[in-house]
Structures are given as C-alpha cells and as structure tokens.
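Examining the three-dimensional arrangement
Below are the chains, spelled out letter by letter.
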Amino acid sequence: MPRFTPHALLPLTLPLLLLACGQNPTPAAVQEDLGPYANGASYPWSYTQPAGTVTPLVLDPGANNLYYEPILSATNGWGPIEVNRSNGEQQVGDGRPLTVAGKTYDVGYGVHADSELRWSLKSTLAGVMCNKLDGYVGMDDEVGDRGSVTFQIWLDGAKVWDSGVMTGKDGARFYSVDTTGKTDLRLVVTNGGDNFYYDHADWIQPTVHCAQGSTTTPPPAPGGPSGTIDPTFHTINAGFTRVSTTAVQPDGKIIVAGTILTAGGLDVAFARYNPDGTPDTGFGQAGRTTLHLGSSSGPLRVSLLPDGRIVAVASSDYTRNPVPDYDQFAIIRLLPDGSPDPTANTPNPGDAKGAILISSLPSAVNALYDAVAQSDGKIIVVGESFHPSSPTTDMSKDLFVARLMPDGALDPTFGQGGTVIVPASDGSGDPDFVSQKITGTRVLLYPDGRVLVGAVDKYTQSGYNTSSQLVVRLLPNGTLDSTLDGDGMVTTLNARYQLLQLSDLALLPDGRFLVLGRSTNSALPCELRRFNPDGSPAFDATHFGLIPGPTGEGTHCNNARMAVQADGKVLFTSTETADSTDSTLVGRLNADGTLDKTFGGGFVKVPNANEVLVQPNGRIVVGTTVVTGLNP
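Report on the accompanying structure. (Residues numbered from 1 in each chain as written. Predicted model: local features only at pLDDT ≥ 70, side-chain atom pairs only at ≥ 80, totals over all residues. Heavy atoms only, no water.)

With that settled, consider the overall build of the chain. Summing up its helical and strand segments, the chain has one helix and 43 strands in all. Counting all 632 residues of the chain, 54% fall into the buried class. Long-range pairs, those at least 24 residues apart, make up 58% of the contacts in the chain with a sequence separation of at least 6. Counting only carbon and sulfur atoms, one obtains 53% of the accessible surface of the chain, whose full area is about 25100 Å². (Helix = DSSP H or I, 4+ residues; strand = E, 2+ residues; numbered from the N terminus. Buried < 20%, exposed > 50% of the residue type's maximum accessible area, 1.4 Å probe, protein only. Contact = heavy atoms within 4.5 Å. Areas by Shrake-Rupley, 256 points an atom, 1.4 Å probe, with all protein chains shown as cover.)

What follows is the structure, encoded as structure tokens:
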C-alpha cells in the first residue's frame, strides 16, 4: 500500500536535531551580497545523519511521499529547511503554509538557495524497485515576485532534471524523472545565477513510485549487427491522416504527432509509445490525445520541457486578423501524462484546453516552418514575412524569427519587441531585379541560449536564379552574434539554381555545427557540411560534403533529418532514385565525416525516413508515418 502514513514523526524531529548544527551567523564583508533582509549576517544551515544511524527507506510498491522517509543530509542557505512550511527566516518553524501562485500545499519542504536534500533510494523490502520520482516545484508566495532559483534533481551524481531559472512570477512546475537502478537522490536549489536574495523555494509533494520487481528503464541496447532491423522493436504505425514529426523522451518513449481527419476538420493528434514501440496506454486517452484547432497541418516539431510537459506549435485555419488568408498558429502544451495543460487555454469557445492561439504575430508574417521550446517554456519560431516593398504579393520575403512567451505573447527582451528580421533586398532600383526570398526552415538552441537558424536565400535577377543556404546565429537577446563570420551570418552553400534546401541543423559537442541540405547538380545529391564555431568550413572532399548513394547515383535529401550519436557519429536520412525507383535510406558518417561502412554498408533501406532519432539506450528509431527500430 502507498506510504502516506508511516514515519510521521521523522520529519518533525529533523529541524530540532539540527537547530544547533549549522545556525551560527556569519559576519558579512559586503552588505549587498547578503540582501536587504540579512542584517549584516548570513545563516547557513546543514545536517548529516550521524554515522551508524542511517535508516534505509521502507519503500512499498506504489507512491511513497518523501515526507515520510529519513533524510541522509541537508544544507540550506538561510536558516533550517522547513517541513510542510515555507523557509521563513533563520528560526525553526517560522515559515508559513507552502503556497505557490496562490495555491496552498500541505506536504513538502521549504528551502532557501543554495540548498540540498539527500536521500537513499534503497528499499528494505525484497524485490521492490523504484522507477519514478515526481512532484512540483515553485517559488513560495511569501517573497512575492522577488527572488530567482533553479531546481535540480541529481541521481547517483548525475544531474537528470533542471527547471531553468524560476522567479516569484512563475507558477508551480511539474517534474517527473526515471529513477530505475539509482540509489542516491539529491534535490538541489541554486540561486538562479545571480544572488540569493529572497530565494525561498518549495519542493511540493516529492513522491517516489515503486513496484514489486518491475522497472520502466528502456531495454538494453540491441545487440544485432549495426544497421539491421531490431526484432525486439514493435514497428509503429499510428494510423494518423498525416504524421508531421516524432520525438524521443529522456526515458526512451516515443511521441508521434500529426493530424487525424474528423467531422470538424484535421485535428491535431499525439500518440506515445513505450521504448520498445508498444503503445503507452497511460498517455492521454488509451495512448492518444487530440485537440481541435479548426483544420491543422499538424505540429511543426515537438519539444520537451524539463518538467516533462510536451510543447508544440501547430497551424490552424482559424482567421488570423487582419490577414484572414493566412493560417493562424497555436501553442500546444500537454502534461507529461498526455492530458491538456490547463494553463494553455484557447480563447475560441468550444475548443479543448491545451492550446493557445498566437495573436501576437505581425500581420506581415506569411508562414512558420519550425519551432523549438526553451527550458523556461519560451518558444523560438522561424519562418518568413513579407518585405515592406511587396506586402501583398509572393515576391520579396524576409527571414522572420520570434520568441514567444509561454502565453503566446511576443517576448519584449528578444530582438525588437520579440522579433528579428533579416531583410531581403528590394532591388535598390535595379530594373533586372525580380525578387529575393529568405525563408527560415530550421532552428536549434545552444546550451547557453544562443539561437542557430537555418534558411534558404533565393534571389532572381537578370533572368538567373540563385539560391544559397544561409545560417544565422543570434545571442540570447536576439542580436546577431558577430562571432559567426563577423556579422552573425554565413552562407554555407551557393548555386545558380533555385533548387537548394536546408533540411536540418545539428550541434556537435565541440561547438561546431552541421548543415544538411540539397545540392544543385542534376542528381540533386545531399550535402552534409561541417563548420567551425566561427562559420569557417570544416570539411573537404573526403570528410563531410557530398554524400553519394549506395549505388553511386547520389542521394536526394528533401526534408531530410539527422541526429548525432553519443560517440560523435552522424545519422542522416535521404532518398535515392535508381532505375526509376525511390528508396528511403538512413546513412551514417563516422565522426570524421567519412561514410561508416559498418552501418549496413553505409546505408540502410527503411519504409519511411522523414525523421531519425536516438534513444537513450542507443537504439536508432527512423520515420514518421512508419517508425522502425535499428540496431546501433
């Protein structure tokens, strides 16, 4: 049975035991370092369970609230950690009820940055294995909108979850992490990167979920020959009208997103599958979630927030005033269990919760082609907007980038009022000029918050069509990053035809980046090029560059994708036409950019190759409408 009643006295004794353990005030050398409420001293606090008295957790199958389990050690930035109360000040029991965004919680811990709570995850009960920790975090209301912290979860010395910086303006944030096989748990709160003023943080209802002799760990890495079909993986066919994208969660589960035709149009649809490809029936309703947004072409891409929520941007045929001919777009947010996030509520009557129509896009925006969510829930979108010289025709168009707040509003701290425009030329009076279009097609985020945008620049002049792959890098505030080729932009491929595509971008651990797209000779082969962080080329005739197909015909890579494995090898998808027959392929390059012949001879044929992803155990999953598992 779930452990919500035993050990009720244990937490109550913890602050009493520690009152004399770490409460000595520390003189302050600089008053501002301590905050306006410090009175010239800080009150760090710590506790370690005495040697020989460590009590293993008596974890039952089911839900075990950590409130009832013994703490091994704890530290706190200001006064003692409080149980079922906010941190308060430096005395035991001087906190208030745990309250975040106006909601009061009965169970949890009130802490102050910098803070750490540590538990053992070893159960004394035979055969019981714990597979999940979940709960909520947030800044306590007792500090108003002041303070900033970052919540972190560490298992066996490795950080597995990070909330991103949270402030008193944020509501409670849900988290869920896989604990299978782990024995040491640390709940950490840092100061958010600035100082520890008013950093009162709450761990709300931290709960460990256990089962008798079962786990949810992804299966071990397949052991068959590299590039062969993994027979332990159940091929996925969601049966959607259209599948637009897939994603892999940190626990190896697979999300498939697209549309389903209903009487009301094409509804947005999500399905989730276990790491082995079997349906996850605990997701949404029997494994699926659908939302009605008028008629949609489906999500652009699925992002996963640190708390496990699922985020996507999808089109809708609802009218976008004042330009009703263009699609509206919506932010979709689902909770980790697939249910609609109640904080995302579309204003259209009768539509399900879980979506927010984006009303903040400038009227010149013609289309969005990609979107990715930051860890704080803000979303970067890229696409194209009409150039001022041709506001109503399909002529010159500018590269459009914007950052949206979680509620769909433009983020005023990014670019100019939330948007960045890379303008197309208006011809400057040249009578031979026809048009220029710069279309953003792909976006990714650096760990430090910088934004890398891939675009195609098509230019028509004097009867000639020229197209280029353009990569733009922005600083976290939306300004161009001059460390990329001096001006924040670099042309990665140029040709005298309008046949180029930029299909995908990828980051390498050393800061270099990859660009995958289509070349312009008669075979339209794939080009996978590597660039240094400053934008200079890092490829040659035999290392990265042109990719020949398995029959030497050259590979097409319309809407191709790539993924970087943990060992630095690069997976990519493509299509080869031989004898008038198209074959969808997955290929792999070694870390040095040469074709990896150990991977099915370099290429593997699959039913569908519109996406390629890598699960935590190394298994390769390929496709959208049909998802296939390959041995790594």
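So that's the structure; there's more coming.
Moving on, we come to the sheet that holds strand β42 (residues 620-622). The strand order across the open sheet built from three strands is β41-β42-β43, with neighbouring strands paired in antiparallel fashion. Of all the strands in the sheet, the pair left with one neighbour each is β41 (612-614) and β43 (628-630). Ignoring strand direction, the axes of neighbouring strands in this sheet form an average angle of 25°. Two elements, β42 and β43, share three bridges in a ladder whose sense is antiparallel. Bridged to valine 622 within β43 is threonine 628. (Pairing = 2+ DSSP bridges. Axes fitted to C-alpha atoms, helices over the stretch in contact; angles between N-to-C directions.)

Further remarks concern the nonpolar core. If you look at the biggest cluster of nonpolar residues, it comprises 32 residues, and the most contacted ones within it are Tyr109, Leu117, Leu133, Phe151, Ile153, Leu185 and Trp203. Of all elements in the fold, only β9 (108-112), β10 (115-120), β11 (128-139), β12 (148-155), β13 (158-167), β14 (173-178), β15 (184-190) and β16 (200-212) reach the threshold of two or more residues within this core. (Core = buried A, V, L, I, M, F, W, Y, C linked by side-chain atoms within 4.5 Å.)

Time to look at the environment of glycine 602. With respect to the helices, strands and loops of the structure, glycine 602 is situated in the loop between β39 (581-589) and β40 (603-605). In this structure the C-alpha to C-alpha distance between glycine 602 and leucine 585, which are 17 residues apart in sequence, comes to 9.8 Å. Every residue in contact with glycine 602, bar those within four places of it in the chain, is listed here: Val586, Gly587, Arg588, Leu595, Asp596 and Lys597.

On to the environment of arginine 619, then. Within the element layout of this structure, arginine 619 appears in the loop between β41 and β42. C-alpha of arginine 619 to C-alpha of aspartate 230: the two residues are 389 residues apart in sequence and 8.4 Å apart in space. In this structure the side chain of arginine 619 is engaged in a polar contact, spanning 3.4 Å, whose partner is the side chain of threonine 232. (Polar contact = N/O pair within 3.5 Å; in protein donor to acceptor, adjacent residues only side chain to side chain.)

Within this structure, the stated rule accounts for seven aromatic pairs. Note on phenylalanine 151 and tryptophan 203: the rings are 5.2 Å apart at their centroids and 90° apart in plane angle, and the pair reads as edge-to-face. In this pair, phenylalanine 151 is assigned in strand β12 and tryptophan 203 in strand β16, connecting sequence segments 52 residues apart. Residue classification places tryptophan 203 among the buried positions, given a relative accessible area of 0%. Aromatic side chains phenylalanine 572 and phenylalanine 603 sit 5.8 Å apart centroid to centroid with 85° between the ring planes, which places their arrangement in the edge-to-face category. Of the two residues, phenylalanine 572 sits in strand β38 (residues 570-578) while phenylalanine 603 sits in strand β40, which places them 31 residues apart along the sequence. Per residue, the accessibility class of phenylalanine 572 equals that of phenylalanine 603, and both read buried. An aromatic cluster is built from Phe151, Trp161, Tyr175 and Trp203, whose rings are joined through pairwise contacts. Here the basic side chain of arginine 146 rests over the ring of tyrosine 198, its NZ or CZ set 4.0 Å away from the ring centre. When the ring centre of tyrosine 446 is taken as origin, the NZ or CZ atom of arginine 450, which lies over that ring, is 4.3 Å away. (Phe/Tyr/Trp six-rings, centres within 6.5 Å; stacked < 30°, edge-to-face > 60°. Lys NZ or Arg CZ within 6 Å of the ring centre and 35° of its normal.)

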